[in-house]
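Here's the letter readout for the chains.
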Amino acid sequence: MRRRRMTRAYLPDPIARPLLDQLLDTARRVPSAGNSQGFDFLVLDTPEAVELYWSTTFSPEGRERFRWQGLFQAPVLVVVYANADAYVSRYSEPDKARTGLGAGADAWSTPYWLVDASMAALALQLAALDAGLGVLFFGLFDHATAIAEAFGVPAGRQAVGTIAIGHPAPSQDESGRSSRRAKRPLDEIVHRGRW
């Protein structure tokens, strides 16, 4: 974790399908509430699919002005989706019904579909880093609907974010401005016994 950095410049070299499948298989093994497994990975690993993603999220002018041009070279983009219905359905089953969480997504005080999908996203990033690859997690923000439409994502899925994966191009990579912010000290974050 101490060596982890977000990569914003990539070599265009493809990622071998067996390696990519291994990374995705690792990421799908994260814990999930009730073993609901309510997350999906939209894997864009062809030049055409990656280009469609970028042309859907950037205007030509915006893309030209974008600070990190090397990001567009990433050979793989994985959009992580959460599925609340999987949790509602699972908690409607006899062994979980008494919780009342099968009544609907509003019954959940914490949306565990987002928690679990976020853990899967982190697991994918860490697996890729362990394999010597670079990663960048970023949000879809106001492009989530357009991406869902462009790639046929079923209704009811919620985009958690996109992960760029590829071989880093270190000579071109530049850290984001936020990386200069100091980490909060441990004693400011940890509250033992009470707040």
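Quick caveat, the model's predicted, so the values are computed rather than measured.

A word on helix H2 (residues 47-57)
Helical geometry note: an α-helix holds 3.6 residues per turn, so side chains three or four residues apart project in the same direction. Along H2, the residues that are buried comprise Ala49, Val50, Tyr53, Trp54 and Thr57. One side of H2 carries all its buried residues, which in axial view fall inside an arc of 135 degrees. Of the exposed residues in H2, those oriented more than 90 degrees away from the buried face are Pro47 and Glu48. As for H2, its buried residues are in contact with strand S1 (39-44), helix H3 (60-65), strand S2 (76-83), strand S3 (134-138), helix H6 (144-151) and strand S4 (157-166).

Let's talk about the environment of Ala121
Locating Ala121 in the fold gives a position in helix H5 (residues 112-130). Taking the relative accessible area as the measure of exposure, Ala121 reaches 2% and is therefore buried. The spacing of Ala121 and Glu64 is 57 residues in sequence and 28 Å in space, taken between C-alpha atoms. Every residue in contact with Ala121, bar those within four places of it in the chain, is listed here: Val80, Phe137 and Ile163.

Some thoughts on helix H1 (residues 17-27)
Buried residues of H1: Leu20, Leu23, Leu24 and Ala27, and no others. Buried residues of H1, viewed axially, fall in a sector of 95 degrees; they line one side. Turned more than 90 degrees away from the buried face of H1, the exposed residues are Pro18 and Gln22. Where H1 is buried, its residues touch S1, S2 and H5.

Notes on the packing of aromatic side chains
A complete count under the given rule lists 15 aromatic pairs for this structure. Measuring from centroid to centroid gives 5.9 Å for Trp54 and Phe58, while their planes differ by 55 degrees, and the two rings are tilted. Taking the relative accessible area as the measure of exposure, Trp54 reaches 2% and is therefore buried. Residues Phe58 and Phe66 carry aromatic rings whose centres are separated by 5.0 Å and whose planes lie at 70 degrees to one another, so their mutual orientation is edge-to-face. Its guanidinium or amino end placed over the ring of Trp68, Arg8 lies 4.9 Å from that ring's centre, counting from NZ or CZ. A cation sits over an aromatic face here: Arg63 above Phe72, 4.5 Å from the ring centre.

Reading guide: rules and limits
- Residues numbered from 1 in each chain as written.
- Predicted model: local features only at pLDDT ≥ 70, side-chain atom pairs only at ≥ 80, totals over all residues.
- Heavy atoms only, no water.
- Buried < 20%, exposed > 50% of the residue type's maximum accessible area, 1.4 Å probe, protein only.
- Helix = DSSP H or I, 4+ residues; strand = E, 2+ residues; numbered from the N terminus.
- Arc of directions from axis to C-beta.
- Contact = heavy atoms within 4.5 Å.
- Phe/Tyr/Trp six-rings, centres within 6.5 Å; stacked < 30°, edge-to-face > 60°.
- Lys NZ or Arg CZ within 6 Å of the ring centre and 35° of its normal.

Such coordinate-based values are descriptive only and should not be taken to indicate function.
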